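Fold and contact review
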Amino acid sequence: MTIDNQLDQASETKSEVVANTDGLMMQLDYAAPSQISQTDAQTSEHTQHVALFAQLNRSDVNFHGKVKSPLVFRDSLLALFDVVSSDYRYVPKDRSAYTVFMQMRRASSNKNLFTAQRDYFTWLFDNDPLAFCILDPIIQVHEQGVSFEVFSRDEGCYAQLTLTNEIFEHSTKPTIGTTSIDYSAALFNGIEKIRDHQQTILDIGHEAVGLQLLETIPETDAADTDSDVANLSVKEQIIEKRINVPKSWIRALLQVQSAGQLPQDTIHLDPIALYNVLFELRMHADIKGKRRGLLIELRPQQLPVIILEPFDITVTSQVSQQQKPYQGQQAKLIRLWGRRRLSLLKRLLPHTDSVSVSLLGQGMPSYWTLKGKGFHFTFAMTGFSQANWSQSLNFDLLLPKRPLHNILAASEEGLLDNNKLDSDQESVNDSNGLSVLIKTLASTPSTLDDLVKSLSADALLKSVPVSHSQVQQWLLSGTQQGLIRFEMATQLYHYRPLTQAPLDMAQFAYHNEAEKQAFDLIGRTDAVQKFTVETVAVKGITIRADIHVEEDRRTYHSQLQLGDEGLVTKAECSCPQYLQHRLTHGVCAHLIALRLRYNQYDPNNTSNDSWHDTRVLSKRVPSKRLNKTKNTQANVQESAKIKAANSSLMALPSAATLDLTALAQPVAHLYPNENGKAQDLAAQESSIAYVYITIAHKKITIEQTIGGKETRQQLAFNQPAQAKSAFLQHIARFEAKGFIENQGM
């Protein structure tokens, strides 16, 4: 895969470079489209040959092996295709397209079916070429097996599949390397036909299939002008594929890969728990205007609980005897978005033995790792789309600052020469450390601890202090430059260059020019003036400030309103861009600067000894059913069924084979009712109680919502310090009652 930000001279002579400021041209040269073939000799043996033709302008990569588990191989590649072709972006109604459709319908009313279809697909290819575009996956052959990496078109999903040597029977030694393969719809249709009774062979290589084109060149000699003799020249040509990829796609891909190395909370689930989540999502459609999050409740030394909003459906993992409780020291309630993307994992669930989830925080990306016999599949969903620029900006701030140049490319070109050693000694040390790190990973994949040991003993890094933090910083820098791949399932780091030529990191430093200007404004001393934060329970947070731009000799008033989930619900600015286009042409630099300034805001440290803060706490509580009759025959039968289900759950064997029919019944717990007698919790409906505690200078507001009921209490104090002390006391009081604070607000 070659990205034409730095095209070679040889490729420029063969084809014209297309300049596009919105994206980068990817030139993929394949010998032939990847396919599944079945020859006559193989028909008697029922053998299917999966041929993945690699990219020609990269180093040789070869792999040949017989697949021992064809169904695992088939379903894992199909799940990979589901991720790379997924697009969950909201598509509004386009009246212009409907008008064009009606015109085409009237124009093609007298045409036959073939002519009408041909005209339609011609129009679609000319007006929406990305509808046919599937971004090809990155493939790496290494000592442990074969790894595939894909990224979805909407920049919301990332998947990493590793097929280990356990499911392959090798006849030849593979050639280790990295390349791209042609993953087309024809290959997808062929993979769907793989069956367990057939032998399947995976073949990755450069077996070039040349296309001979005969060109007729007339003679130019004057003596032969009257003759009809012409020379035939044979021209060999390969299939060339070009895709216009946005810069944001590559930037987001590198970001998601790098974020997997950040500190995170890891929980373990049983595969049946993930199946129950997908089942409930399939049976309950989203409600417009209601919460659509996926709550994960974590309590120390307890199994994690997954809650589906707004139905308050709880899913627990209580089947496997080897499940580990949450090992954290503090209770957390983390909300994730993009839960519908989890349906892309449904193909792999029958082959999965264990599921682990790594959480970065509230609304941040989450990594779902599925492990089975012969494979492990890591699926990452960002939780936000391109439209949610505020949450995406908050995710950018989690990662270290992206390098503005490729360190290895700069060292190879001699940009860091001896004359600049004194001026930029830190960059030189990073370049030397990263170079040695790349050489170590190129020989063998390693974990973080093994890398620290090997680099500490390296003679080239005697002048550089080598520690866990320093090595991790080099690894993050290498991942952000597209040189290193982190495998979360095995905790191994692999050397995997994303492109043949090093990436120009200056093109991926910021999302757009407005973000670059916003970071420049934040760096100035007097750019953000009169910054205020006002918190209102339930409604959210209102941020206001005056943004002074010295180049315009103007001061713009900007305002943002964040909901209780951290999403932007309202944005206003007095700049000409917002007044003329609103947010249709993107977010202005002043609103981005305001959001960046709020990220630096600390409610506990203010100059005027005044506090403005809101804390949201929640707890699952039982709620009685409405209009419930007493001592009816239905209630007696229902309680009998619940007791029978409880007895069956208590009698579950410890063997590997379990009766999953008993798991469909609700688990009963006992709690005292009004008469002081024990009653089953399974017969009650559960709901989530929310508590909003807001402090504004000398006032504290406490609002509680349970179902549709709301209560409000307001307290006033003489001094802001007294209000702050009472604010912390109320938070501790609710936490003592079992409430959990929503992290990451």
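In what follows, the structure referred to is the one given above.
Residues numbered from 1 in each chain as written. Predicted model: local features only at pLDDT ≥ 70, side-chain atom pairs only at ≥ 80, totals over all residues. Heavy atoms only, no water.

1. Remarks on the overall build of the protein
On a plain count of helices and strands, the protein comes out with 18 helices and 35 strands. Out of the 745 residues in the protein, the part that is buried amounts to 47%. Taking the contacts inside the protein whose residues are at least 6 apart along the sequence as the reference set, 68% of them involve residues at least 24 apart. When the accessible surface of the protein is summed, it comes to about 38800 Å², and 51% of that surface belongs to carbon and sulfur atoms. (Helix = DSSP H or I, 4+ residues; strand = E, 2+ residues; numbered from the N terminus. Buried < 20%, exposed > 50% of the residue type's maximum accessible area, 1.4 Å probe, protein only. Contact = heavy atoms within 4.5 Å. Areas by Shrake-Rupley, 256 points an atom, 1.4 Å probe, with all protein chains shown as cover.)

2. What about the sheet that holds strand S16 (residues 294-298)?
Taken together, the four strands give an open sheet; going across it, the order is S18-S17-S16-S19, and neighbouring strands pair in antiparallel fashion. In this open sheet, the two edge strands, each paired with only one partner strand, are strand S18 (313-316) and strand S19 (332-336). On average, each strand axis in the sheet is inclined to that of its neighbour by 25°, with strand direction left out of account. Sheet topology note: the S16/S19 ladder contains five bridges and is antiparallel. Looking across to S19, one finds that Leu294 is bridged to Leu336. Seen against the sheet, helix H8 (residues 271-283) touches S16, strand S17 (305-308) and S18 and runs at an angle of roughly 160° to S18. (Pairing = 2+ DSSP bridges. Axes fitted to C-alpha atoms, helices over the stretch in contact; angles between N-to-C directions.)

3. Some details on the packing of aromatic side chains
A full pass over the atoms with the stated rule returns six aromatic pairs. Seen from their ring centres, Phe734 and Phe739 are 5.5 Å apart, and the 85° between their planes marks the pair as edge-to-face. Comparing Phe734 with Phe739 shows no difference in burial state: the two are buried. The residue whose ring lies beneath Arg597 is Phe531, and the NZ or CZ to ring-centre distance is 4.4 Å. When the ring centre of Phe734 is taken as origin, the NZ or CZ atom of Lys737, which lies over that ring, is 5.6 Å away. (Phe/Tyr/Trp six-rings, centres within 6.5 Å; stacked < 30°, edge-to-face > 60°. Lys NZ or Arg CZ within 6 Å of the ring centre and 35° of its normal.)

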